[in-house]
Structures are given as structure tokens and as C-alpha cells.
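Examination of the molecular architecture
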Amino acid sequence: MRRTCWTLGIVALAIMLTMMAGRGRALGTIPTDDKQATEIKIDNFVFSPNTITVPAGTTIRWTNHDDVPHNVVADDKSFKSKVMDTDEAFSFTFSKPGTYSYFCSIHPKMTGKVVVQ
């Protein structure tokens, strides 16, 4: 009986920690210290994560996991992808600090932001 309660407690803790980790992502900002490529997924007409904070020199890779075409266009025109079909990707390296807002020009309500520190 004691072992079963202990096991259930560990499982409950694991579930709670998993839910809390997912909650941080739902808020939309994921800071990263990784200067490697960082992934933004396009799925269900959403950029995920919607806002990401990265150090200068980071390459962001957008991958379209949706069944419809999308693209990525910076508000300031500093970067623009071609129209991407399902599973196609676009990468851009952010060398200067700043806030870069972007959108899908095919679906303008789809927006995102890269904060470069």
C-alpha cells in the first residue's frame, strides 16, 4: 500500500511539472541562450512560440507544419521568406539586437515577434 501511494505521488508530481512547463510556453515567450538554430513552428495558423527572446547571432528557423501555404515577412522588411508549402522551412540569422515583428502576408492576422538581445 505504501509503495502504491509513493508511486502515485511521483506520477502526480511528474504530471504537475509537465503541465507547468507547458504553461510557460503558452504564455508565448521562450528565452534561449543557444546560439544554434532556434525553431518556430507554423501550425494551425499560428507561429509558435509567438514571441521568442534570443541572443544576437541566433538563427531562427520557421517550419510550416500546416496544410496550407504560409510565409514570414518582417514588418521592417529586413527579412522575407518565399511562400512555404507543408514541411518547407525558412531561416534567418539575427545579428543585431532589437525587436523584430513579423507576419504571414497571406494570412495577415498571423503575427509573431523575435526579441534579440
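Here the structure is a predicted model, which means the values were calculated and not measured. (Residues numbered from 1 in each chain as written. Predicted model: local features only at pLDDT ≥ 70, side-chain atom pairs only at ≥ 80, totals over all residues. Heavy atoms only, no water.)

Concerning the side chain of His70
Rules: In DSSP terms, a helix is any run of H or I states spanning at least four residues, a strand is any run of E spanning at least two, and both are numbered starting from the N terminus. For this analysis, a polar contact is any N or O atom pair within 3.5 Å, provided that within protein one partner can donate a hydrogen and the other can accept it, and provided that sequence-adjacent residues contribute only side-chain to side-chain pairs. Residues are treated as being in contact if the distance between any of their heavy atoms lies within 4.5 Å.
Along the chain, the position of His70 falls in the loop between strand 5 (58-64) and strand 6 (73-74). Within the local environment of His70, its side chain forms a polar contact with the side chain of Asp66, the two groups lying 2.9 Å apart. In this structure the side chain of His70 is engaged in a polar contact, spanning 3.1 Å, whose partner is the side chain of His107. Discounting residues that sit within four places of it in the chain, His70 has contacts with Ile42, Phe45, Asn64, Lys82, Val83, Met84, Cys104, Ile106, His107 and Met110.

Regarding the environment of Asn64
Here is the rule we go by: The cut-offs for exposure are 20% and 50% of the maximum accessible area for each residue type, with area from a 1.4 Å probe on protein chains only; residues under the lower value are buried, those over the upper are exposed, and the others partly exposed.
Tracing the backbone shows Asn64 in strand 5. The exposure class of Asn64 is buried, given its relative accessible area of 0%. Put simply, Asn64 and Ile42 are 22 residues apart on the chain and 4.6 Å apart in space, counted from C-alpha to C-alpha. What Asn64 contacts, discounting residues up to four positions off in sequence, is Ile42, Pro69, His70, Met84, Asp85, Thr86, Asp87 and Glu88.

Section: the pattern of salt bridges
To be explicit about the condition: By convention in these notes, a salt bridge is any Lys or Arg side-chain nitrogen within 4 Å of a carboxyl oxygen on Asp or Glu.
Following the criterion strictly, the structure yields two salt bridges and no others. Salt-bridge contacts for Arg61 lead to Glu39; the nearest nitrogen and oxygen are separated by 3.9 Å. With Arg61 in strand 5 and Glu39 in strand 2 (residues 37-43), this residue pair connects regions lying 22 residues apart in the sequence. Using a relative accessible area of 36% as the deciding quantity, one classes Arg61 as partly exposed. Residue Glu39 is classed as partly exposed on the basis of its relative accessible area of 33%. The partner of Glu88 in a salt bridge is Lys82, and the shortest N-O contact between them spans 3.1 Å. Residue Glu88 is classed as partly exposed on the basis of its relative accessible area, which comes to 29%.

Considerations on the pairing of strand 8 (residues 98-103)
For clarity, the cut-off: One bridge is not enough; two strands pair if DSSP finds at least two bridges between them.
Sheet topology note: the strand 6/strand 8 ladder contains two bridges and is antiparallel. Looking at the pairing, Val73 lines up with Phe103 of strand 8. Here strand 8 runs beside strand 9 (residues 111-116); their pairing, made up of six bridges, is antiparallel. By the bridge assignment, Tyr100 is partnered in strand 9 with Val114.

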